[in-house]
Structure formats: C-alpha cells, structure tokens
Protein chains: 2
Amino acid sequence: VAYELYYWPGLQGRGEFIRLALEDSGADYVDVARRSGKDRGMPALLRGLKNGSEPHSPFAPPYLKDGDWVLSQVANILMYLGPKIGLAPEDEGLRFIANGVQLTIADMVGEVHDSHHPIASALYYEDQKKEAKARSASFIKDRIPKFMRHFEHLVSHNPDGRGETVGASISYVDLSLFQLMEGLAYAFPRALKKFDANYPHLANLRESVRARPNIARYLASERRIPFNETGIFRHYPELDQEPG
Amino acid sequence: VAYELYYWPGLQGRGEFIRLALEDSGADYVDVARRSGKDRGMPALLRGLKNGSEPHSPFAPPYLKDGDWVLSQVANILMYLGPKIGLAPEDEGLRFIANGVQLTIADMVGEVHDSHHPIASALYYEDQKKEAKARSASFIKDRIPKFMRHFEHLVSHNPDGRGETVGASISYVDLSLFQLMEGLAYAFPRALKKFDANYPHLANLRESVRARPNIARYLASERRIPFNETGIFRHYPELDQEPG
C-alpha cells in the first residue's frame, strides 16, 4: 500500500522535507491534496485535521498515513519512515542522534517562518512588515551563522561519514539540510553570498544531494513546486541583507 | 550509571520537561549544572556545547548523557528515555503518536517563548515590549484555544485511555502537558481564567499528574525551581489579558 502524504497543495512548506525523502528513496506514495478523486484533494486533507475524525488526529499538516497509522510532525514522520525507506542510520543510537539534528533543523525552519511572521500567523505579512524587518536582521546576523556553524561542525566531524551528517551513509537529515540551504538561498540571497566559502562541507553536501539521480529527476519534474511567497521560505527583498 | 541531565541551573525552561519524567519514574539522574565538583557545574554544561568536544555535539541545552551517548532536543530525549523509564506506550506505533503530540507541545512552548521575545532572543524583553504585547494578544486569542482544543480532543478521545493522552497508562506526554498548563497558568493567569471549564479533561489530567506521589514530592522539594522571569514561562502582567 502506498504512503499517503497530506500537505497543502500549492507550496513546498514543511511537507517538502517528507517529499524529498519519499522521492529519493523511490517509495510508493500519494501526495493526496494534489490529486483529485475520491478521498483525494483538499477536502481529504481538511477532513483529516478535524478533531473527531481520528482519535489521534494531527494538529497541522504535514501528516502521513501508513495503513491505519496517522503520523504527524515532520521530524516524527521522518524518524518513522527513515528506517523503512533506507534513509536512516543502521545503528539505533545514531537514529536518536539523527532525530536530534532533525529537530534542530525544525527549530531553524520555525525561525525562518517567524522572520516574515514575527507577530502572528493569523496576520498578513504586510501587517507585520516593520517587525519582520527587525526579526530578519537578527536572524541574518545571529541565527543563520549560529545554526550553520553547528551543522558545518556536524558534517565535518561525523566520525562515520564522508560528507554525511550522521552515520556512514546518506539519511533524511542530509536531504533536509539540502532543503534548508535551498530555501535560505531563495529567501535570503544577499545574506548567503559567502555561504559556500564559510561552510564548505555544507556546500558539498548540498551539491551531492542535488546530484542524486532520484533527487535530480524530482527537482526537474512538475512534482517539485517552485519556491513561492506562500511557503516557509519567502523572498521579500526588503528582508534580505548582507550579514556584516 | 546515572543519567546526566545538562541544563541551565537557575530556571525550569525546557529542561523541566525532562526533569519531570526523570523524577516521576524515580530514575537515577544528576542535574549536572546544579552540582559542584569535577565535571559538574556550568563549566561542564558549557564544555558539552562547544563544537569540537563531541562529534555529535548538541546545539543547545537541554542535553542528556547516557553512557557514551549525548542526546539533544527535549522530544528526542523523552522518546529515547520513555521506554527505559516506563513512561512510554508499550506499542511501538503509539510511541510515534506520542512523539507527534510531544512535538506539538514543543511547538507551543516555542510560541510561549516568542510571546515575550518576538523579535530576537539576543535582545532583552524590554527592547521588544511593544511587539511582545501584540504577539501575546494573538497568542492568547488564537493560539492557546487552538492548541488546547486539540489537546483536550486527544485526551477525551484516546481510545485506550481513562484520562491519559496516548495509550493506556501515563506517559511523558501527560507530564509535559501538566508542565505546559502549569507554565501557562503562571504566565497568563487572566487568559486562563476559564481554562478548567473549557477543557475539563485537561484540567483532570493536570490534577492527576500533580497528585502522583513522586511528582508531589518533587514539586515540594528544592529541586523544583520556582517559575521566574528567566525561563520560558514568564509572568509579565502587561502581556496577560482575558481572551475575549
């Protein structure tokens, strides 16, 4: 039976971290809200979010159905899927290391969201633009370097790896770091100008993920939704600046 | 060998979710930064955060050492510890359900933090007070009800439980929901005035966790640091208001 991924149809958003893992592994999956027909499309996505439809209903998309199980939260879905689709470390201890890194990625993704929505998700960007400028300035100056130094350290000091973040072979964490870098480069091109020079191991990782055959095929396909200003990574030129 | 918990010594913060699980289970643990001596105290905490000291060094506290393993991120630590200390569901599928709920709790905790620090962690509250007021108003009006309706649904619809959130017996998720409610009641007493009437199952859960012998003993001990304005849950009266 195919995995069913439930996520907003018009944006990469948090769902993209799951899509990349499913695509890289060649797993059989349905991107439910982007299909039409019975039990497909937005109505199916929204039905699954209704308290009452499932005893363990998810709080928000993305969520994944695997048979009777409904899993929520990106890092949780990836920790569940990883071993089944060959994208988690073999060693069980290392799986918890990988999950810890994935949750740090999730924290950074949350901060990316808040760079354009620092006051309220319920308000438009235009209604919190001034605050978004202040938050983005701090994000670019303090937070991008802090997170990226950390990830660079992990990749360059992974005792088992030759370019991977955790363990001896590629995992969903590497795919998520690729997506994080792609998103930051889209949203903040000026802030990321010197990225490759400052974080050479991350730059290598990014290119080696991009070159993976299934990923390359996916990125060139219509299944890869372009970055846009309804997702997590938004390019608002007024929020982007050089770090110094 | 005792578990070693590494967290800032003067506040509950995110470390408290781990402390509650360790205390409830009666597990042998050391709260490293609150002790003195060799490999104890703040120097030990800071050493573990330095890139370079560990191949898989954590991004931020709390982190937990179990023998050679260093685990980071609250939800990850709890997912690792839960089965070992008898605070996770027996069923493996339900463990992923529990982890999903714990990550939703973590999302809400992040929003609590940002209610007083919407612009930058690096700035003082006083320097982002106006923005904190706007963010808190939206948090109280929209976010607390959205999260709490969800958690209330989980507890009241848990097919295996009689008051628990996931599975047939108490888990770390229940302890974390207790802490979340305690923290919200401390930070936003006016916003939470009608909490018990609106969320009766959560109110019951809160009291039944409080009454657990090891928790009651812990809460009455000096090991429980009082809530204060350096933690995640801060009582700034100017940010608190009735929801309606």
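Residues numbered from 1 in each chain as written. Chains lettered and ligands numbered in written order. Predicted model: local features only at pLDDT ≥ 70, side-chain atom pairs only at ≥ 80, totals over all residues. Heavy atoms only, no water.

> How do you make sense of the overall build of chain A when you look at a structure like this?
When helices and strands are counted, chain A shows nine helices and four strands. In sequence order, chain A lays out its α and β elements as β-α-β-α-β-β-α-α-α-α-α-α-α. Against the 2.2 N^0.38 benchmark of 18 Å for 244 residues, chain A shows a C-alpha radius of gyration of 18 Å, consistent with a compact globule. Projecting the C-alpha coordinates of chain A onto the three principal axes gives extents of approximately 50 × 50 × 30 Å. (Helix = DSSP H or I, 4+ residues; strand = E, 2+ residues; numbered from the N terminus. Rg over C-alpha atoms; globule rule 2.2 N^0.38 Å.)

> Please clarify how the pattern of salt bridges should be interpreted in this entry.
Note that side chains of opposite charge can pair when their charged atoms are close. All names here are of chain B. Following the criterion strictly, the structure yields 38 salt bridges over all chains and no others. With its nearest N and O atoms 2.8 Å apart, the salt bridge here joins Arg224 to Glu16. Of the two residues, Arg224 sits in the segment after helix H9 (213-219) while Glu16 sits in helix H1 (residues 15-25), which places them 208 residues apart along the sequence. For Arg210, the salt bridge goes to Glu207, with nearest N and O atoms at 2.9 Å. Within this pair, Arg210 and its partner Glu207 are both found in helix H8 (residues 200-210), separated by three residues, close to a single helical turn. (Salt bridge = Lys/Arg side-chain N within 4 Å of Asp/Glu carboxyl O.)

> Looking at this structure, how should I read the confidence of the model for chain A?
When pLDDT drops low, the exact placement of atoms in the prediction is not to be read closely. Mean pLDDT over chain A: 96, with 99% of residues reaching 70 or higher. Two numbers describe this predicted complex: its pTM, 0.98, and its ipTM, 0.97. (pLDDT = per-residue confidence, 0-100.)

> I tried to follow the interface of chain B and chain A on my own but got confused; where do I start?
You'll often see interface size given as the accessible area lost when the parts meet. The interface is formed by 49 residues belonging to chain B together with 49 residues belonging to chain A. Buried area between chain B and chain A, both sides added, is near 4100 Å², and the carbon and sulfur share of it is 63%. On the chain B side of the interface with chain A, the three residues burying the most area are B:His56, B:Phe59 and B:Phe96, jointly 18% of the side's total. Viewed at the interface, chain A and chain B are joined by two salt bridges. For A:Arg135, the salt bridge is made with B:Asp114, and the minimal N-O distance between the two is 3.2 Å. Run the count over chain B and chain A and you get 14 residue pairs in polar contact (both at pLDDT 80 or more). Contributing elements (two or more residues each) for the side of chain B that touches chain A: strand S4 (69-72), helix H3 (74-84), helix H4 (92-116) and helix H5 (129-157) of chain B. Among the elements that line the side of chain B that touches chain A, the one with the most residues is H5(B), at 14 residues. (Contact = heavy atoms within 4.5 Å. Buried area = accessible area lost by both parts, 1.4 Å probe. Polar contact = N/O pair within 3.5 Å; in protein donor to acceptor, adjacent residues only side chain to side chain.)

> I'm lost on the nonpolar core in this one. Help?
Taken as a class, soluble globular proteins show a tendency for nonpolar side chains to be buried jointly. Ranked by internal contacts, the top residues of the largest apolar core, which has 132 residues, are A:Phe151, A:Leu184, B:Phe151 and B:Leu184. Excluding residues that lie within four positions of it along the chain, A:Leu184 makes contacts with A:Met108, A:Val112, A:Phe139, A:Ile144, A:Met148, A:Pro189, A:Leu192 and A:Phe233. (Core = buried A, V, L, I, M, F, W, Y, C linked by side-chain atoms within 4.5 Å. Buried < 20%, exposed > 50% of the residue type's maximum accessible area, 1.4 Å probe, protein only.)

> What should I look at first to understand H3(B) in this one?
Helical periodicity: at 3.6 residues per turn, an α-helix aligns residues three or four positions apart in one direction. Residue and element names in this part refer to chain B. With respect to burial, H3 is a largely interior element, nine of its 11 residues being buried. Within H3 the residues assigned to the buried category are Val74, Ala75, Asn76, Ile77, Leu78, Met79, Tyr80, Leu81 and Gly82. Looking one or two places after H3, you find Gly86, whose phi comes out positive at around 75°.

> What should I look at first to understand the relation of the copies chain B and chain A in this one?
One copy of the chain maps onto the second through a rotation about an axis and a displacement along it. Note on the copies: chain B fits chain A at an RMSD of 0.0 Å, the axial shift is 0.0 Å, and the rotation between them is 180°. This pairing of chains is accounted for by a two-fold axis. Considering only C-alpha atoms, the part of chain B nearest the rotation axis is B:Pro118, at 2.9 Å. When the interface residues of chain B are mapped onto chain A, 100% of them again lie at the interface, so the same face is used by both copies. (Least-squares fit on C-alpha atoms with pLDDT ≥ 70 in both.)

> I tried to follow the packing of aromatic side chains on my own but got confused; where do I start?
The relative placement of two aromatic rings is captured by the distance of their centres and the angle of their planes. This model, assessed by the stated rule, comprises 18 aromatic pairs over all chains. Taken together, a centroid distance of 4.6 Å and an interplanar angle of 10° make the contact between B:Tyr6 and B:Tyr63 stacked. Taken together, the residues B:Tyr6 in strand S1 (residues 3-6) and B:Tyr63 in strand S3 (residues 63-66) connect sequence positions 57 residues apart. One aromatic cluster is present, built from ring pairs that chain together A:Phe59, B:Phe147 and B:Phe151. One Lys or Arg, A:Lys84, reaches over the ring of A:Tyr80 and ends 4.4 Å from the middle of that ring. The residue whose ring lies beneath B:Lys146 is A:Phe59, and the NZ or CZ to ring-centre distance is 5.3 Å. (Phe/Tyr/Trp six-rings, centres within 6.5 Å; stacked < 30°, edge-to-face > 60°. Lys NZ or Arg CZ within 6 Å of the ring centre and 35° of its normal.)

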